[in-house]
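# Per-entry structural report
Below, each chain spelled out in residue letters.
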Amino acid sequence: MSHEESLILAETDGHVGIIRLNRPKVLNALNPELMAALAAQMETYDKDPGIYVIVLSGSEKAWAAGADIGDMAEQSVVSMYERDQFATWERIKRVKKPIVAAVSGWCLGGGCELMMHCDVVIASETAQFGQPEINIGVMPGAGGTQRLPRALGKALAMDVILSGRFLSAQEALDHGLVSRVVPKEHFFAEAVKVAHAIASKGPIALRFAKEGVLKAFETPLSEGLEFERKLFYMLFATEDQKEGMRAFVEKRKPTFKGK
């Protein structure tokens, strides 16, 4: 497969692994082949001790405008069940390192659900978010009905999912769906900049902190607090904790090694 035909493009920049979705003719529509390539590349970066943070980006025109409808239009219940496409999404969910999303343009349906699998979202002011599956006789299937209410609250999530309306970048920011909104020409550079800032921290602490925050959405508060406490104590077994605290006391910049 030539460079132009690759479903994703991957490169590294220091401790940051960068992945770009690359189906521009169909606005990065998510078919099973693209999702498999994406999950495999994310797992590669997750296992690479030199990569601390992952950046996932689409194009300026579209992060991802949804699933590949042509691919699914004639599927049956049995064929959809047997292809088990959501197993690939579970692989992305299991990535331990922080994922920074660089989102511009259309971020719809499966694209919005993929964005919600990421941890920090840098959005272009042109970004449009939505779950318009209702318009074609279905509903979100990769987490939209579960993750969107946790971000937006019930009333707004119901509005978006049942009416099929889109949210602007500013609305998404105001309601907690994205982390930051920046001018269109800076969205990718800003995401990489944020990724490098995160990558300057201790990589073990980063993974534990991500795990702790995600636990908050799946457990009662008391159980989540107990989980957080154990992770906190475990970090005192790392060299990075000693280095970080000594550097603070000595008024110098720490050098973290992920140990």
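In every chain, residue numbers begin from 1 and rise along the written sequence. Only residues with pLDDT of at least 70 get local features here, since the model is predicted, and only at 80 or more are side-chain atom pairs given and counted; chain-wide, interface and lining totals rely on the full set of residues. The side-chain figures draw on all heavy atoms in the structure; neither hydrogens nor water molecules are used.

### Quick word on the overall build of the chain
Each helix and strand counted, the chain has 12 helices and 10 strands in total. Each radius of gyration is computed over the set of C-alpha atoms, and the globule rule expresses the reference value as 2.2 Å times the number of residues to the power 0.38. Expected size for 259 residues packed as a compact globule is a radius of gyration near 18 Å; at 19 Å, the chain falls within 12% of this value. Referenced to the eigenvectors of the C-alpha coordinate spread, the extents of the chain come out at roughly 60 × 45 × 40 Å. Across the 259 residues in the chain, those meeting the buried criterion constitute 43%. A separation threshold of at least 6 residues defines the contact pool for the chain, and within that pool the share at least 24 residues apart is 66%. The protein chains shown are the only cover counted for residues, whose accessible areas, like all others here, come from Shrake-Rupley with a 1.4 Å probe. A total of about 13900 Å² of accessible surface is found on the chain, and carbon and sulfur atoms cover 58% of it. For helices the rule is a DSSP run of H or I covering at least 4 residues; for strands it is a run of E covering at least 2, with both sets numbered from the N terminus onward. The classification of residues rests on relative accessible area computed with a 1.4 Å probe and restricted to protein chains. Under 20% of the type maximum is buried, over 50% is exposed, and intermediate values are partly exposed. Only heavy atoms matter for contacts: two residues are in contact if any of them lie within 4.5 Å across the pair.

### A few points about the pattern of salt bridges
Salt bridge, as applied in this entry: a Lys or Arg side-chain nitrogen positioned within 4 Å of an Asp or Glu carboxyl oxygen. Throughout the structure, instances matching the rule amount to 10 salt bridges. Arginine 91 is paired through a salt bridge with glutamate 43; the nearest N and O atoms lie 2.8 Å apart. Here arginine 91 is found in helix H4 (residues 86-93), whereas its partner glutamate 43 is found in helix H1 (residues 32-47), with 48 residues between them in sequence. The residue glutamate 171 makes a salt bridge to arginine 165 at a minimum N-O spacing of 3.5 Å. On the basis of relative accessibility, which here comes to 27%, the residue glutamate 171 falls in the partly exposed class.

### Notes on the sheet that holds strand E4 (residues 62-64)
A strand pair is defined by DSSP finding two or more bridges across the two strands. Spatially, the four strands line up as an open sheet ordered E4-E6-E8-E9, and their pairing is mixed. The open sheet terminates on both sides in strands that have one partner only, identified here as E4 and strand E9 (167-168). With three bridges connecting them, strand E6 (residues 106-108) and strand E8 (residues 128-130) associate as parallel partners. The residue of E8 that forms the bridge with tryptophan 106 is glutamine 128.

### With respect to the nonpolar core
Soluble globular proteins tend to bury their nonpolar side chains together. Counting 44 residues, the largest nonpolar core has Leu38, Leu56, Trp63, Leu114, Met115, Phe129 and Leu177 as its most contacted members. Ranked by residues supplied to this core, first place goes to H1 with six residues. Contacts of methionine 115, omitting those with residues within four sequence positions, involve Trp63, Val103, Cys107, Val121, Phe129 and Leu177. Residues belong to one nonpolar core when they are buried, are Ala, Val, Leu, Ile, Met, Phe, Trp, Tyr or Cys, and are joined through side-chain atoms within 4.5 Å. Core analysis: the next-biggest nonpolar cluster, separate from the first, contains 18 residues, Val16, Val55, Ile122 and Ala199 among them.

### Points about the packing of H1 against H4
All axes here are fitted lines through C-alpha atoms, helices being fitted over the stretch that makes contact, and every angle between N-to-C directions spans 0 to 180 degrees. Between H1 and H4, the shortest axis-to-axis distance is 9 Å and the interhelical angle comes to 25°. Classified by the angle their axes make, H1 and H4 are roughly parallel. Crossing geometry of H1 relative to H4 is assigned as left-handed. Residue-level inspection shows Met35, Ala36, Leu38, Ala39, Ala40, Met42 and Glu43 of H1 in contact with H4, the latter providing Thr88, Trp89, Arg91 and Ile92. Residues were grouped as follows: Ala, Val, Leu, Ile, Met, Phe, Trp, Tyr, Cys and Pro as nonpolar; Asp, Glu, Lys and Arg as charged; and all remaining residues, including Gly, as polar. Grouping the amino acids of the contact of H1 with H4 by side-chain chemistry returns eight nonpolar, one polar and two charged. The cut-offs work like this: below 35 degrees is roughly parallel, past 145 is roughly antiparallel, 65 to 115 is roughly perpendicular, and the gaps in between are oblique. Two helices that cross are described as forming a left-handed crossing if the nearer one is turned anticlockwise from the farther one by less than a right angle, and a right-handed crossing if clockwise.

### Some words on the sheet that holds strand E1 (residues 8-13)
In spatial order, the strands read E1-E2-E3-E5-E7-E10; together these six strands make up an open sheet with mixed pairing. Single-partner strands in this sheet number two, and they are E1 and strand E10 (180-182). Neighbouring strand axes in the sheet, compared pairwise and without regard to direction, differ in orientation by 20° on average. Pairing between E1 and strand E2 (residues 16-21): six bridges, direction antiparallel. Looking at the pairing, aspartate 13 lines up with valine 16 of E2. Along the sheet face, H1 touches E1, E2, strand E3 (53-57) and strand E5 (99-103) and points at about 175° away from the line of E2. Running over the sheet, helix H9 (residues 187-199) touches E1, E2, E3, E5, strand E7 (120-124) and E10 and is turned about 170° from E3.

These figures capture arrangement, not role.
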